[in-house]
Amino acid sequence: MQPNWIKQRAYLTPNRIGLRFGGESWTFQQLHEEALHKAKQLATLVKRGERVAIFAPSTPALVKVIYGCMHLQAEMVLLNGRLSAAELAYQIEDAQVAVVLVAASEMHKLPQNIKVVTFEQLAELDEAQVEIAGEWHEEQTISIMYTSGTTGFPKGVRQTVQNHSMSAISSALNLGVTEQDVWLCTVPIFHISGFSILMRSLLYGATVCLYEKFDAQACVREIAEGDVTNISLVSVMLERVLSEMERLQVQAHPRFKAALAGGGSIPVDYLQRAAKVQLPVVQTYGMTETSSQTATLTSADALRKIGSAGKPLFFNEIRISGTNQPFTEGEICIRGPHVTPGYIGRFAERVSTENGWLLTGDIGYVDDEGYLYVVDRRADLIISGGENVYPAEIENVLLAHPYVLEAGVCGVTDEKWGQVPLAFIVCKQAITEDELRAFCQQKLASYKLPKHFYCVASLPRNGSNKLLRRKLIELL
């Protein structure tokens, strides 16, 4: 059993600021009281333990609905705001939710013929009598998030009290926690990177500085002025923060502790630029099935172990399938109390682990000091002339070019080689295909050179800003 986190946090630090948004702020006691009110209103719609879907941008209204659901012990299916109506319909039907709670601004995106209650309608409901539990079972499901669906149908991943708490504790043991911590949240709450910030806030007593959308200028202002201590972001967001810091010629405030960078490997060029502006970048590796981080590299090791995702956090284990030898590539396998117990819906009968190990589908290796290196997604692997070609390696080379803002690489069928890589570039300044090829030739083997380079306006990304390589070919 664990204490009700919202109730316990309000008891321990009632007057500490739990949430900041725009010019407003809420203490943990105020959040607790508003969540209680929401739980009693929700109780007129759903029973304790039932499942609800939530579809809304990252605002205080969403946070209060989430905390209300947690008080009611309702399982929350967090819907991705970037999905199509058809994709949303699949997840809503698969999850068999009692109701969809939606911000009015998002109503037009939802499919027809589903039970919907807007946040505004919820706020008008009378309160029902409901007993709020003081303790939660560790196996109780808090949240459900659907995987991005790189192969087949997306799977609804269960995340329990134990999953979230052990993830947060492991992160705290790695990064450290103080009463002055403020976590800047500009990643969407419907994604594990954003939702886990809320969970850490309740467990640590840290303030969440929330933004509805990523804003590089606002992030830099918060970081440079010392208003925040941590931020979670992905590679493309980090580059925009670095560019803005360089443009303004500012450095991170001494109070700032770490930029937690996930969603793929971070280019060497970004790490070197971050060091110049005193921005501590902490590379991390995790997934929906692990309730955020599994391995994290300290900022002190960032340049010594360039490209590494670090060592597994305290309660976690990582091994490479089929080998005990360092520097030997294979599928990354994970074990620990942060790993999901399973799925829902059409995948409810599928086991999430084999002999206790989660098979990630990612390719990587561990070096002779135990540091993990993630090479690429197995599904994105390109096999050209019998050689393995990893898109991330080519992308990192391209991102080192001063005229390249974003890069994405995928494979296409080729009569001679089986597959060849194609590169898609978002440019900072105009650059020719010959110039890009010449740049890559200095750093890549010939079989890794993209056959063609395409300059595009934007790259396909999911709700957490991760690159969707499988959709790159559609840009043609």
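Quick caveat: nothing in here was measured; it's all calculated off a predicted structure. (Residues numbered from 1 in each chain as written. Predicted model: local features only at pLDDT ≥ 70, side-chain atom pairs only at ≥ 80, totals over all residues. Heavy atoms only, no water.)

A closer look at the overall build of the chain
Here's step 1: Regarding its fold elements, the chain presents 12 helices and 26 strands.
Here's step 2: What you see for the chain is a C-alpha radius of gyration of 22 Å, in line with the 23 Å of a compact globule of 476 residues.
Here's step 3: For the C-alpha atoms alone, the extent of the chain along its principal axes is close to 70 × 50 × 45 Å.
Here's step 4: Going through the 476 residues of the chain one by one, you find that 56% of them count as buried.
Here's step 5: Look at the contacts in the chain between residues 6 or more apart in sequence, and 67% of them connect residues 24 or more apart.
Here's step 6: Entry remark: accessible area of the chain is about 20,200 Å², with carbon and sulfur atoms responsible for 48%.
Here's step 7: Where the 44 positive side-chain charges of the chain centre and where its 51 negative ones centre are 1 Å apart. (Helix = DSSP H or I, 4+ residues; strand = E, 2+ residues; numbered from the N terminus. Rg over C-alpha atoms; globule rule 2.2 N^0.38 Å. Buried < 20%, exposed > 50% of the residue type's maximum accessible area, 1.4 Å probe, protein only. Contact = heavy atoms within 4.5 Å. Areas by Shrake-Rupley, 256 points an atom, 1.4 Å probe, with all protein chains shown as cover. Lys, Arg positive; Asp, Glu negative; His and termini not counted. Charge placed at Lys NZ, Arg CZ, Asp CG, Glu CD.)

Looking at unusual backbone geometry
Here's step 1: In this model, Gln-249 sits at a positive phi of 55°, which is unusual for a non-glycine residue.
Here's step 2: You can see Gln-249 is positioned in the loop between helix H9 (235-248) and strand E14 (258-262).

Observations regarding helix H8 (residues 216-225)
Here's step 1: Taken residue by residue, H8 has Ala-216, Ala-218, Cys-219, Val-220, Glu-222 and Ile-223 as its buried positions.
Here's step 2: Looking at the buried residues of H8, the elements they touch are strand E2 (17-21), strand E11 (182-185), strand E12 (207-210), strand E13 (230-234) and H9.
Here's step 3: Put simply, Asp-215 is the residue that caps the front of H8, since its side-chain oxygen is 3.1 Å from the backbone nitrogen of Gln-217.
Here's step 4: Within two residues after H8, Gly-226 carries a phi angle of roughly 80°, on the positive side. (Polar contact = N/O pair within 3.5 Å; in protein donor to acceptor, adjacent residues only side chain to side chain.)

Details of the sheet that holds strand E25 (residues 418-427)
Here's step 1: The sheet built from three strands is open, its strands ordered E24-E25-E26 with mixed pairing. Taken across any chain shown, the strands that pair with only one partner, and hence form the sheet edges, are strand E24 (404-414) and strand E26 (452-455). Going across the sheet, the axis of each strand differs from the next one's by a mean of 25°, ignoring polarity.
Here's step 2: In terms of strand pairing, E25 meets E26 through four bridges, oriented parallel. Bridge pairing links Leu-422 to His-452 in E26. (Pairing = 2+ DSSP bridges. Axes fitted to C-alpha atoms, helices over the stretch in contact; angles between N-to-C directions.)

Some points on the pairing of strand E5 (residues 75-78)
Here's step 1: Residue alternation in E5 divides its side chains into two sets, Glu-75 and Val-77 and Met-76 and Leu-78, and both sets are buried.
Here's step 2: Of the strand pairs in this sheet, strand E4 (residues 51-55) and E5 are connected by four bridges, and their pairing is parallel. Bridge assignment links Ile-54 to a residue of E5, and that residue is Leu-78.
Here's step 3: Tracing the backbone out of E4, into helix H3 (residues 60-72) and back to the parallel element E5 gives a crossover that is right-handed. (Right-handed = clockwise from strand over helix to strand, strands pointing away.)

Here we look at the side chain of Ser-171
Here's step 1: Within the element layout of this structure, Ser-171 appears in helix H6 (residues 161-175).
Here's step 2: Among the residues examined, Ser-171 registers a relative accessible area of 1% and is labelled buried.
Here's step 3: Apart from residues no more than four positions distant in its own chain, Ser-171 is found in contact with Gly-176, Arg-200, Tyr-204, Gln-293 and Leu-313.

Overview of the state of the cysteines
Disulfide: a covalent bond formed between the sulfur atoms of two cysteine residues.
Here's step 1: This structure, assessed with the given rule, holds zero disulfides.
Here's step 2: No disulfide involves Cys-185; its nearest neighbouring cysteine sulfur is the one of Cys-209, lying 9.1 Å away. (Disulfide = S-S within 2.5 Å.)

Section: the pattern of salt bridges
Here's step 1: Enumeration over the complete set of coordinates arrives at 23 salt bridges.
Here's step 2: Across the salt bridge formed by Arg-273 and Glu-239, the nearest N and O atoms sit 3.3 Å from each other. Placement of Arg-273 in helix H10 (residues 268-276) and of Glu-239 in helix H9 is noted, with a sequence separation of 34 residues between them. Both residues of the pair, Arg-273 and Glu-239, belong to the buried class.
Here's step 3: Ionic pairing is found between Asp-269 and Arg-273, a salt bridge with its closest N-O pair at 3.7 Å. You can see Asp-269 and its partner Arg-273 sitting in helix H10, four residues apart, about one turn around the helix.
Here's step 4: Members of the salt-bridge network, linked through shared partners, are Glu-239, Glu-246, Asp-269, Arg-273 and Lys-428. (Salt bridge = Lys/Arg side-chain N within 4 Å of Asp/Glu carboxyl O.)

Quick notes on H6
Here's step 1: Taking 1.5 Å per residue as the helical rise, H6 with its 15 residues ought to reach 21 Å, and the 21 Å between its terminal C-alpha atoms agrees with that figure.
Here's step 2: Listing the buried residues of H6 in full gives Val-161, Asn-163, His-164, Ser-165, Met-166, Ser-167, Ala-168, Ser-170, Ser-171 and Ala-172.
Here's step 3: Looking at the residues trailing H6, positive phi occurs at Gly-176, about 85°. (Expected span 1.5 Å × (residues − 1).)

What about the environment of Glu-120?
Here's step 1: Tracing the backbone through its elements, the reader meets Glu-120 in helix H5 (residues 119-124).
Here's step 2: On the accessibility criterion, Glu-120 (44% relative accessible area) is partly exposed.
Here's step 3: Taking the C-alpha atoms as reference points, Glu-120 and Gly-194, 74 residues apart in sequence, are found 23 Å from one another.

Describing the nonpolar core
Here's step 1: Counting residues in hydrophobic clusters, the biggest one holds 98 residues, and the most contacted among them are Ile-54, Ile-66, Met-70 and Leu-279.
Here's step 2: By residue number, the principal contributor to this core is H3, which donates eight residues.
Here's step 3: Ignoring any residue separated from it by four or fewer positions in sequence, one finds Ile-66 in contact with Ile-54, Met-76, Leu-78, Ile-189, Phe-195 and Leu-198.
Here's step 4: One finds Phe-55, Leu-83, Val-102 and Tyr-343 within the second-largest nonpolar core, a separate group that totals 19 residues. (Core = buried A, V, L, I, M, F, W, Y, C linked by side-chain atoms within 4.5 Å.)

Let's talk about the packing of aromatic side chains
Here's step 1: Summed over the entire model, instances satisfying the criterion amount to six aromatic pairs.
Here's step 2: Grouping aromatic residues by their ring pairs yields a cluster made of Phe-327, Tyr-365 and Tyr-373. (Phe/Tyr/Trp six-rings, centres within 6.5 Å; stacked < 30°, edge-to-face > 60°.)

Interpretation note: all reported values are geometric properties and have no functional meaning in isolation.
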